[in-house]
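Residues per chain are reported as follows:
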Amino acid sequence: MIKPCWKPYVEGDGEGRGGDSRGRVDGLMWYKDLGVHANGEFSMGTIQANNLMEDQSQLESGPLSCLESGPNGTFVGVYDGHGGPETSRFVNNTLFSNLKKFATEHQEMSADVIKKAFLTTEEEFLSLVRQQWFEKPQIASVGSCCLVGIVCSGLLYIANAGDSRVVLGRAEKGARGVTAIQLSMEHNANNESVRDELRSLHPQDSQIVLLKHKVWRVKGIIQVSRSIGDAYLKRAEFNRAPLLAKFRLPESFSTPILSAEPSIFIHRLTSKDQFLIFASDGLWEHLSNQEAVDIVHSQPRNGIARRLIKAALRVAAKKREMRYSDLKKIERGVRRHFHDDITVVVVFMDPYSMNRSSSHSPILSIRGGGGGGMPASPKR
């Protein structure tokens, strides 16, 4: 009887803020300049670099369960795919429904609800890999980082598996500007703490992390230690033909090498908390936390996600000693040699809206990403 609840809402914030409520396309860029969510305003943007867009994203505002008395708020998801777009698209279509299902069962939002949503989405994707194993074995080598933020009842829940990042802009007392505070832990083998964690989980494997070309990688293959998908590094049944030999490990394994379990952080929001920047690592490769926060703080809200992306692209162009205008002319696929797919969602927290009745909250479902073209080469 409650199955229809799992269907996504029709896109659109119903308020006409920032033009087309479904977003607009300008070349390789998709953007939604300004919209309204349950606790303030938001801006979204993506830029494609790969032949197929591997980043996906969504913002859902309104009911977070199927109960009338259940939690209301805002859900943000940034899904940075690698090896192809299949996993990030699957997560974009599945994770929020799973979250609502468990929030309904538990009659609340909690870290346990979020963890169950992640792990159920993972199991469902691995089941899809098993179903398609003989027709499309390469899907076993496709995965996605998964960053989620949920604003509900004055609390901010951050859940992360991978190396996307969320940064809080906080107005400190007596300070002119806004301080950048990173809220997510990144599961990247270049971080010493991640390498230590992997070695403790796999004490018998002396090659669980390897340094190749000055970059640390799990098994010498992939930088992230947590993700959705990447079935070939989680289930030994996928570490064999017909998967391409370049993805197969020489030895079998009994313990999953990568994990889908997210790191979860819970923060009680205050009036000092101005905004949140959710972004795939493509942004953070070129902008520091404070640089991004300063841009958001000093510029108008309308179109701020696009400005962050353009700022990152200008830095990327400068690194290659070229002009931004010339970088813009480079086609997808080739563009990947200059920068990654980039997704940005800026969520403004307005104090007045934190106390607003949930019945007056806008109901919204909007998704960024997409794109067409030829399949992308694996990003490792």
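Worth saying up front: this structure is predicted, and the values here are computed from it rather than measured.

Observations regarding the overall build of the protein chain
Within the protein chain, the secondary structure is distributed over eight helices and 16 strands. Out of the 380 residues belonging to the protein chain, those deemed buried represent 56%. Within the structure as shown, the protein chain displays about 16,400 Å² of accessible surface, and the carbon and sulfur contribution to it stands at 50%.

As for the side chain of lysine 32
The topology assignment puts lysine 32 in strand E2 (residues 29-37). A polar contact of 3.4 Å, which involves the side chain of lysine 32, links it to the backbone oxygen of leucine 34.

Some remarks on the packing of helix H5 (residues 289-298) against helix H6 (residues 304-319)
Close contact between H5 and H6 brings their axes to 10 Å; oriented N to C, the two are set at 140°. Between H5 and H6, the crossing angle belongs to the class labelled oblique. Between H5 and H6 lies a crossing whose hand is right-handed. Between H5 and H6, the residues in contact are Ala292, Ile295 and Val296 and Ile304, Leu308 and Ala311, respectively. Partitioned by chemical class, the residues of the contact of H5 with H6 number six nonpolar, no polar and no charged.

Quick look at H5
When we look at burial in H5, the residues that qualify are Asn289, Ala292, Val293, Ile295 and Val296. Each buried residue of H5 sits inside an arc of 160° when the element is viewed along its axis, so together they form one side. Summarising the contacts, the buried residues of H5 are in contact with strand E8 (165-170), strand E9 (179-182), strand E14 (273-279), helix H4 (281-284), H6 and strand E15 (342-348).

Observations regarding the pattern of salt bridges
Tallied over the entire structure, the rule returns 18 salt bridges. Among the salt bridges present, the one from glutamate 261 reaches lysine 115, with a minimum N-O distance of 3.4 Å. Remark: lysine 115 occurs in helix H2 (residues 111-131) and glutamate 261 occurs in the loop between strand E12 (228-229) and strand E13 (263-268); sequence separation between them is 146 residues. Classification of lysine 115 by relative accessible area gives partly exposed; the value is 31%. The partner of aspartate 340 in a salt bridge is arginine 336, and the shortest N-O contact between them spans 3.4 Å. Given a relative accessible area of 26%, arginine 336 falls into the partly exposed group.

Side note on the packing of helix H1 (residues 86-106) against H2
Packing of H1 against H2 leaves a shortest axis separation of 8 Å and a crossing angle of 135°. By the angle between their axes, H1 is oblique relative to H2. By crossing handedness, the relation of H1 to H2 is classed as right-handed. For the pair H1 and H2, the contacting residues are Glu86, Thr87, Phe90, Val91, Thr94, Leu95, Asn98, Leu99, Lys101, Phe102, Ala103 and His106 in the first and Asp112, Val113, Ile114, Lys116, Ala117, Phe118, Thr120, Thr121, Glu124, Phe125 and Leu128 in the second. A breakdown of the residues in the contact of H1 with H2 according to their chemical character gives twelve nonpolar, six polar and five charged.

A word on the sheet that holds E2
Taken in spatial order, the seven strands line up as E1-E2-E3-E15-E14-E8-E9 in an open sheet, and their pairing is antiparallel. This sheet does not close on itself; its edge strands, each paired only once, are strand E1 (24-26) and E9. Neighbour-to-neighbour, the strand axes of this sheet turn through a mean angle of 20°, independent of strand direction. Here strand E3 (residues 40-47) runs beside E15; their pairing, made up of six bridges, is antiparallel. Counted as the bridge partner of methionine 44 is valine 345 from E15. Along the sheet, H6 contacts E2, E3, E14 and E15; its crossing angle with E15, the most-contacted strand, is approximately 140°.

Quick notes on the packing of aromatic side chains
A complete count under the given rule lists five aromatic pairs for this structure. Taking 5.7 Å as the distance between ring centres and 75° as the angle between the ring planes, the aromatic pair formed by tyrosine 232 and phenylalanine 247 counts as edge-to-face. Of the two residues, tyrosine 232 sits in the loop between E12 and E13 while phenylalanine 247 sits in the loop between E12 and E13, which places them 15 residues apart along the sequence. Classification of tyrosine 232 as buried rests on a relative accessible area of 0%. The cationic tip of arginine 314 hangs over the ring face of tyrosine 324; the distance from NZ or CZ to the ring centre is 4.7 Å.

Considering unusual backbone geometry
Comment: phi is negative for the bulk of residues other than glycine, and the bulk of peptide bonds are trans. A cis amide bond links alanine 241 with the next residue in sequence, proline 242, at an omega value of 15°. In the Ramachandran plot, serine 153 falls in the positive-phi region, its phi being about 55° despite a non-glycine side chain. The residue serine 153 is located in the loop between strand E6 (143-152) and strand E7 (155-161) in this model. What makes serine 153 exposed here is its relative accessible area of 64%. Even without being a glycine, aspartate 230 presents a positive backbone phi close to 50°. Position of aspartate 230 among the secondary structure elements: in the loop between E12 and E13. The class for aspartate 230 is buried, based on a relative accessible area of 0%.

Description of the pairing of E6
The buried fraction of E6 is high, at ten of ten residues. Neither face of E6 is exposed, since Gly143, Cys145, Leu147, Gly149 and Val151 on one face and Ser144, Cys146, Val148, Ile150 and Cys152 on the opposite face are all buried. Note: strand E5 (residues 72-82) against E6, ten bridges, orientation antiparallel. Bridge assignment links phenylalanine 75 to a residue of E6, and that residue is isoleucine 150. Pairing geometry for E6 and E12, over two bridges, is antiparallel. Across the sheet, serine 144 pairs through a bridge with isoleucine 228, a residue of E12. The hairpin formed by E6 and E7 contains two residues between the paired strands, and serine 153 there has a positive phi angle of roughly 55°.

What counts, and where the lines are drawn
- Residues numbered from 1 in each chain as written.
- Predicted model: local features only at pLDDT ≥ 70, side-chain atom pairs only at ≥ 80, totals over all residues.
- Heavy atoms only, no water.
- Helix = DSSP H or I, 4+ residues; strand = E, 2+ residues; numbered from the N terminus.
- Buried < 20%, exposed > 50% of the residue type's maximum accessible area, 1.4 Å probe, protein only.
- Areas by Shrake-Rupley, 256 points an atom, 1.4 Å probe, with all protein chains shown as cover.
- Polar contact = N/O pair within 3.5 Å; in protein donor to acceptor, adjacent residues only side chain to side chain.
- Axes fitted to C-alpha atoms, helices over the stretch in contact; angles between N-to-C directions.
- Parallel < 35°, antiparallel > 145°, perpendicular 65-115°, else oblique.
- Left-handed = near helix turned anticlockwise from the far one by under 90°.
- Contact = heavy atoms within 4.5 Å.
- Nonpolar A, V, L, I, M, F, W, Y, C, P; charged D, E, K, R; others polar.
- Arc of directions from axis to C-beta.
- Salt bridge = Lys/Arg side-chain N within 4 Å of Asp/Glu carboxyl O.
- Pairing = 2+ DSSP bridges.
- Phe/Tyr/Trp six-rings, centres within 6.5 Å; stacked < 30°, edge-to-face > 60°.
- Lys NZ or Arg CZ within 6 Å of the ring centre and 35° of its normal.

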